[in-house]
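Fold and geometry: a report
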Amino acid sequence: MEGNLPNQTSCSPLHSTALLRRLSVPLSSDIIKPLTLSLSRTSTETHKHISISNIHRKSKTAITVTMHKSSSGSSLGPGGLDLTQSFFKPISSAAPPSPTKRHTKISVVGAGNVGMAIAQTILTQDLADELVLIDVNPDKLRGEMLDLQHAAAFLPRTKILASVDYAVTVGSDLCIVTAGARQTLGESRLNLLQRNVALFRKIIPPLVKFSPDTILLIVSNPVDVLTHVAWKLSGFPSNRVLGSGTNLDSSRFRFLIADHLDVNAQDVQAYIVGEHGDSSVALWSSISVGGVPVLSFLEKQEIAYEKETLEEIHKAVVDSAYEVISLKGYTSWAIGYSVANLARSILRDQRKIHPVSVLAKGFYGVEGGEVFLSLPAQLGRGGVLGVTNIHLTDEEEQRLRDSARTILDVQSQLNLGI
Ligand SMILES: NC(=O)C1=CN([C@@H]2O[C@H](COP(=O)(O)OP(=O)(O)OC[C@H]3O[C@@H](n4cnc5c(N)ncnc54)[C@H](O)[C@@H]3O)[C@@H](O)[C@H]2O)C=CC1
Ligand SMILES: CC(=O)C(=O)O
């Protein structure tokens, strides 16, 4: 794998790769049996069929701005006349648009590093017909909006709006909240709490007012407690409020395992659950690669592994955010992809299972109060459709309960008054 990722393996994030290697010298070739006959790579030809209707659809590319009539503030018609009506000849016997056709609208609150990484991933993955950005900083907001609009010729058609006024979010299918303070060097996520709760009091009520049927997806940290705060402030049923939770941590975990085994991370099923933070829990007992359960496979093959090594790999996942923050100041790209992945499952009703922060009381022995933490949950158009009943060992279940206790202790210090 090193050959494929020279830069990454020379950096400290992958000290965990060395750990994995210690864990499993023969693992890669045992789980994925090498082919006895390797075929040389054939040239891949891509045939693109562009239909007339596609060209026609693309030619309609246009982006609307709310802050001005257009981003340039100008109009092509004489005396400011709107030429759009005369530019195209109407076709005969045209019917009005089908009322059943869905128009998908996503609002992203907070146009910072994380909000913009999410916005640009949503655009490139063609997940919305309309994308709204909200922030308190109007100059930054307009700059980000224009910068995205200027890529219109290279992107699927999406109407991009931006405003400091929440009225622009009206009728959103999904509201993603990324606004707020972020960690400074070495600071824990839980430290941000008081500052971000105060912001949520200003953010959640107007989102709910303008989009009473929306699904709220919380990203700001500490994400589990803030998802609870958003749930309380919104008055929504719990299926319509979730946090991005450990979808990101699980991706980091899958990356580390895949990197070592030289497989595609998408073939690695591995969950981190619990708090998105220091008390998260790695579910080693259910890890599988291409359908092969890893730990029971090792045991059956009598391949020795050390428990401390597993702990150290989990620690590398927990330390990932601290490390990226110490190197570049913030994390953005992975959370951008992680949240777009959740948006796709929700809005396209994919019914995929993701470890996300959900109201966990009553699941896996989590008791002691209303607490949001990550569990593998099925997501679809209704939001959180259910929690998956995967097998946890007694130790994993105890760790999950401890993680819940950590979050509840912090929560109990909050005087939400909701
Ligand atoms: N859950 C997760 O996995 C992750 C969560 N985060 C969290 O996301 C949050 C944002 O991080 P960054 O984007 O790096 O921070 P940032 O500082 O780049 O952006 C925050 C944005 O929020 C805006 N903002 C502040 N108050 C606001 C309000 N009342 N209404 C609307 N916008 C407001 C700011 O103007 C700024 O543009 C942090 O809490 C961070 O810890 C970051 C990465 C991963
Ligand atoms: C900052 C943060 O929560 C993360 O990257 O995991």
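Residues numbered from 1 in each chain as written. Chains lettered and ligands numbered in written order. Predicted model: local features only at pLDDT ≥ 70, side-chain atom pairs only at ≥ 80, totals over all residues. Heavy atoms only, no water.

As for the overall build of the chain
Each helix and strand in the chain was counted, giving 14 helices and 14 strands. Here the chain holds 418 residues, and 47% of them are scored as buried. (Helix = DSSP H or I, 4+ residues; strand = E, 2+ residues; numbered from the N terminus. Buried < 20%, exposed > 50% of the residue type's maximum accessible area, 1.4 Å probe, protein only.)

Notes on helix α8 (residues 193–210)
Here α8 spans 26 Å end to end across 18 residues, near enough to the 26 Å set by a 1.5 Å rise per residue. Roughly 35 degrees is the biggest bend found in α8, and it falls at F200. For α8, the full list of buried residues reads L193, N196, V197, F200, I203, I204, P206, L207 and V208. Each element contacted by the buried residues of α8 is listed here: β1 (105–109), β4 (174–177), β5 (215–218), α9 (223–234) and α14 (394–412). (Expected span 1.5 Å × (residues − 1). Bend = angle between axes of the 7 residues up to and from the residue. Contact = heavy atoms within 4.5 Å.)

Quick word on the site of ligand 1
Near ligand 1 you find 27 residues, and of these N113, V114, D135, A181 and V219 are the closest. Here an oxygen atom of ligand 1 and a side-chain polar atom of N113 are 3.0 Å apart. H276 is positioned such that a nitrogen or oxygen atom in its side chain is 3.1 Å from an oxygen atom of ligand 1. Considering ligand 1 on its own, with 860 Å² of exposed area, one finds that the protein chains cover 87% of that surface. Elements with a contribution of two residues or more to the shell around ligand 1: α6 (113–124) and α8. The greatest single-element share of the shell around ligand 1, amounting to three residues, is contributed by α8. (Near = heavy atom within 4 Å. Polar contact = N/O pair within 3.5 Å; in protein donor to acceptor, adjacent residues only side chain to side chain. Areas by Shrake-Rupley, 256 points an atom, 1.4 Å probe, with all protein chains shown as cover.)

Details of the pattern of salt bridges
By the definition in use, this model includes eleven salt bridges. In this structure, E144 engages K140 in a salt bridge whose closest nitrogen and oxygen atoms are separated by 2.7 Å. Residue E144 and its partner K140 are located together in helix α7 (residues 138–149), separated by four residues, close to a single helical turn. Using a relative accessible area of 32% as the deciding quantity, one classes K140 as partly exposed. Close ionic contact of E395 with K307 constitutes a salt bridge, the shortest N to O distance being 3.0 Å. Taken together, the residues E395 in helix α14 and K307 in helix α12 (residues 307–328) connect sequence positions 88 residues apart. Through salt bridges with shared partners, one network takes in K307, E311, E395 and R399. (Salt bridge = Lys/Arg side-chain N within 4 Å of Asp/Glu carboxyl O.)

Some details on the site of ligand 2
The environment of ligand 2 is made up of Q183, R189, N221, L248, R252, H276, A321 and T331. The contact in question runs from an oxygen atom of ligand 2 to an N or O atom on the side chain of H276, over 2.7 Å. Here an oxygen atom of ligand 2 sits 2.7 Å away from a polar atom, N or O, in the side chain of T331. In the complex, 91% of the free accessible area of ligand 2, which totals 220 Å², lies under the protein chains.

Side note on the nonpolar core
Grouped together as the largest cluster of nonpolar side chains are 84 residues, with contacts concentrated most on I106, I122, L174, I176, I204 and I218. Other than its neighbours up to four places away in sequence, I218 contacts V177, F200, I204, V223, L226, T227, A230, L242, G243 and S244. Grouped together as the second largest cluster of nonpolar side chains are 22 residues, L261, I287, L295 and A316 included. (Core = buried A, V, L, I, M, F, W, Y, C linked by side-chain atoms within 4.5 Å.)

Let's talk about the confidence of the model for the chain
In low-pLDDT regions, the fine details of the predicted coordinates are not to be read closely. The predicted model of the chain has a mean per-residue pLDDT of 83, with 79% of residues at 70 or higher. Under a pLDDT of 50 for its full length, residues 1–22 has, in the predicted model, 31 contacts with residues more than four places off or in other chains. A low-confidence stretch, residues 36–69 (pLDDT under 50), is modelled with 29 contacts involving residues beyond four sequence positions or located in other chains. Scoring the predicted complex yields pTM 0.85 and, for the interface, ipTM 0.99. (pLDDT = per-residue confidence, 0-100.)

Some thoughts on the environment of G235
Its location among the elements puts G235 in the loop between α9 and β6 (241–243). Using a relative accessible area of 64% as the deciding quantity, one classes G235 as exposed. When the C-alpha atoms of G235 and P212 are compared, they prove to be 9.9 Å apart, with 23 residues separating the residues in sequence.

Structural notes on the packing of α9 against α14
Packing of α9 against α14 brings their axes to within 10 Å, and their N-to-C directions diverge by 55 degrees. Taken together, the axes of α9 and α14 lie oblique to each other. In the crossing of α9 with α14, the sense of the turn from one axis to the other is right-handed. On α14, the residues touching D224, V225 and H228 of α9 are I407, V410 and Q411. Here the residues of the contact of α9 with α14 are counted per class, giving three nonpolar, two polar and one charged. (Axes fitted to C-alpha atoms, helices over the stretch in contact; angles between N-to-C directions. Parallel < 35°, antiparallel > 145°, perpendicular 65-115°, else oblique. Left-handed = near helix turned anticlockwise from the far one by under 90°. Nonpolar A, V, L, I, M, F, W, Y, C, P; charged D, E, K, R; others polar.)

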